[in-house]
Amino acid sequence: MYKKVVLCLMSLLVLALGILTLFNQKEILSFERRKAQDLGDFAPLDPAYWEDLDAYLSDHFIFRETALKINNLSKKYLFAFKDNDGVYTKQGYLFDILTYDEAAVDHLILKTNELANTYFKDQDCYFVAIPRKNDYSERYFPDDLRFADIKKQLDDKLSLPMIAIADLLSLDSYYKTDIHWRQEALSKVAERIVESLGDTYHREDVKLQNAGTFYGALYARSFFDTAKDELYYVDLDLNGVKVFDLEKDAYVKVYDESAITSPDAYDLFLDGPSAYLKITNEKVNNGQKLIVFRDSFASSLLPLFINSYEEIEVLDLRYYSESLLDELELASDAKVLFIYGSEFINQSGALR
Amino acid sequence: MVFSSVTFIFYFLAIVIFLYALAKGKVKNAVLLGASLFFYFYGEGRMTLILVGVLLFTYYYAKLIELKRKRLVLALGVIICFTPLIYYKYSSFILANFGIVYRVALPLGISFFSFQASSYLIDVYRKDVKASSSLVNYGTYLTFFGQLVAGPIVRYETIAQEVERVRRFEVDEVYTGLKRFVLGLAKKCIIANTLGLAISEISAYDSGLILWMIAVMEVLQLYYDFSAYSDMAIGLGLFFGFHFLENFDHPLFATSVRSFWQRWHISLGTWFKDYVYFPLGGSRCKSARHIFNLLLVWTMTGLWHGAAWNFVLWGLYFGILIILERYTLLKRLTKLPYLNHIYLLFVIIIGFVFFNHENAFEYIARLFDLDHMVDPASLYYLESYSLLIVFSLIGATPLIKKLYQKAGAWSYFKYVEAVLIFVVFGLAISYLIGLGFNPFLYFRF
């Protein structure tokens, strides 16, 4: 009798999960910060269609988030893994493991030297390397990348002057669940960089706005033993500020609160990843202009520069090819800042 | 389509069982045949024509063999049956040895269904079975989705009676099949895939300790992955009234290489024994001929697994060890309890380096390079993955099965077992979702 009961219950369970999954329509898997697999046109003769169907059904599985959490937790409590997919928890923060790639750092140095010497030989160029939050915590993984490794290589080979900011940061300058730094902790960093460029920094009254709860990129890969983050941004006087996005061929917001519900809430800052932005501020007439080559870390920092510069041009060479730089007609009287996080410097293969 | 996918478990299998239950009498086999062809088409598209070609050819050719029972007729049939396998699996390898680059995609499971189809022709020739009188019944046997792409290699005589008669759902058997399927799903999703992830995570490192961990975990992963597929195949067979023979019997607990191969991929070993080794004279001949027979069979076993020289070396390695055991080592090994287990594990771990690495000799040399044995990262990963390795090793022994059987004597255990089925199923599904696409390793053979 009990066997019949088990078989009936299992049949009902499979049936219920299968049907509920069919009705579970989602465009974004917010927990994993990515878009859900889309089911394209019906193409039964194309094996790729069936692969997409597998991915689609897996992405829309009714208890997908719960399943992922059980999966991660069992790796901790069943197998006692020290990290999950390279993510570990310490002091209430999530960290990811990254090993030093000397060749990648060399590649970035070479590209940066070339850029500076080719396009900006008559302009002042500076370089900022941002430490990882792992640098402010005791070493956990023995071969984990350390800022000192990168810095020594940059000191030895980079032809630009470097602006040091490591002393202005600490562990709580970063989000608990993400690799990025928190904008509200960057006032001194912004001031140091602008003044090191020889420009005048407009000090902001730091009033914070809470954009909502933030689960960073590391959260879904963690053992869920850390607190969530709150996403704050510094409330600025943005009257007269315009941000033009070349890819979208449209003006975008400095802070886009709707991004909080997008796959990556960090896109709140300067519209997330973009190839080229031009920020102008009608209120500022000090002649200060800046060209910034950057990665995602700069998205939250650059708004703090807005009231110090008339014009800031922002380029991300992951999305904009260096060979097309001439077409942009970049300001020839601007200072040039290269600012990258250690993660990017150590994985510079994406640099175009 | 893989068993360990949402598509298979929650849709394909559910629909097939529903249609199978609705079907009356002989229509049940038609349902299974249709489902199996769709199952294959799902992953392989137009390659399904090869499977259908082998099916049609061997079905009708077996009737010809019954009429003209001559060696030449059989040989011609077996050659034609193996032609797609030789073309798709070995042409690139053969031509590469002459410096010609030629690539062709390998149809899924072609080694399995070609061996199964050829065994049918030989068995009909030997009068071990009668040629099937129904294309649907024979097609159900050859293409059954439960074991089509990764075995076990089922001989027609094993399920001839079952496939020819009208079957019903038997609660006891379906329940046993469910247990077996869930066990296989758990072995695949929780253990094998996790071992695979661990291997890929540490494969960027090259200290001796890391290489040893990789070598051990690769053997364990292959065992769990492949035996899991066989578990699921046997479980699926029971759902539909088929009793497939066991394909694994705790091979890593063996005490000799010979015994290991009697417990690992048993259906392949049996195929080679019955259709190659015995016809060559087996062991009932002079020593030199016996050694030749063994080396030939093991070279073929290596080539069955892959068209590359490292697989040939892998096969020969085991052939030589079996010859050594047969003529000198085996008597000594039986006198060395415990040590014989260590011997077996050692030679298996080393042997499977040939299976998994094209640069096997270099890899093995680095395993014993004492100057680069340990570094801090390797100690980190050893600590991190030690429980996974220990659990996997324990699970590969008969210990769990024995404990389970003892617990079965307890009258309330059936209720615990029922709960366990759901808990393990849920955990396996969570791993399945977490890992995304995770094909079985033996699909590539």
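Note that the coordinates shown come from a computational prediction; the quantities given were computed from them, not determined experimentally.

A. The pairing of strand 12 (residues 311-315) of chain A, seen in detail. All names here are of chain A. For strand 12, the tally of buried residues reaches five of five residues, placing the bulk of the element in the interior. Note that strand 10 (residues 276-281) and strand 12 share five bridges and pair antiparallel. Residue pairing in the sheet places Leu277 in a bridge with Val314 of strand 12. Summarising the sheet, strand 11 (residues 289-294) and strand 12 pair through five bridges and their orientation is parallel. Across the sheet, the residue bridging to Leu290 is Ile312, located in strand 12.

B. Geometry of empty space enclosed by the protein. Residue and element names in this part refer to chain B. Evaluated as defined, the whole model comprises one cavity of 30 Å³ or more. In this model, the largest cavity occupies a volume close to 60 Å³. Lining the largest cavity we find Gly25, Lys26, Lys28, Asn29, Asn137, Val163, Glu164, Arg165, Val166 and Arg167. Here the residues of the lining of the largest cavity are counted per class, giving two nonpolar, three polar and five charged.

C. Spatial organisation of the nonpolar core. Within the largest apolar cluster, 233 residues are counted, with the highest numbers of intra-cluster contacts made by Trp181, Ile193 and Phe305 of chain A together with Phe8 and Phe145 of chain B. Sorting elements by how many residues they give to this core places helix 9 (residues 208-239) of chain B first, with 20 residues. Once residues within four sequence positions are removed from consideration, Phe305 of chain A is found in contact with Ala190, Ile193, Val194, Leu290, Ile312 and Leu337 of chain A. Core analysis: the next-biggest nonpolar cluster, separate from the first, contains 34 residues, Leu98, Leu158, Tyr276 and Leu330 of chain A among them.

D. Here's a closer look at helix 6 (residues 135-143) of chain B. Residue and element names in this part refer to chain B. Of all the nine residues making up helix 6, seven are buried; the element is thus mostly covered by neighbouring parts of the structure. Among the residues making up helix 6, those that are buried are Asn137, Tyr138, Gly139, Thr140, Tyr141, Leu142 and Thr143. On its buried face, helix 6 is in contact with helix 2 (27-44), helix 3 (48-67), helix 5 (110-125) and helix 7 (156-164). A side-chain oxygen of the first residue of helix 6 lies 3.3 Å from the backbone nitrogen of Val136; this N-cap is Ser134.

Reading guide: rules and limits
Residues numbered from 1 in each chain as written. Chains lettered and ligands numbered in written order. Predicted model: local features only at pLDDT ≥ 70, side-chain atom pairs only at ≥ 80, totals over all residues. Heavy atoms only, no water. Buried < 20%, exposed > 50% of the residue type's maximum accessible area, 1.4 Å probe, protein only. Helix = DSSP H or I, 4+ residues; strand = E, 2+ residues; numbered from the N terminus. Pairing = 2+ DSSP bridges. 1 Å grid on protein atoms, 1.4 Å probe; cavity = no way out; pocket = protein on both sides within 12 Å on 5 of 7 lines; lining within 4 Å. Points joined across faces, edges and corners; volume = space filled by probe spheres on them. Nonpolar A, V, L, I, M, F, W, Y, C, P; charged D, E, K, R; others polar. Core = buried A, V, L, I, M, F, W, Y, C linked by side-chain atoms within 4.5 Å. Contact = heavy atoms within 4.5 Å. Polar contact = N/O pair within 3.5 Å; in protein donor to acceptor, adjacent residues only side chain to side chain.

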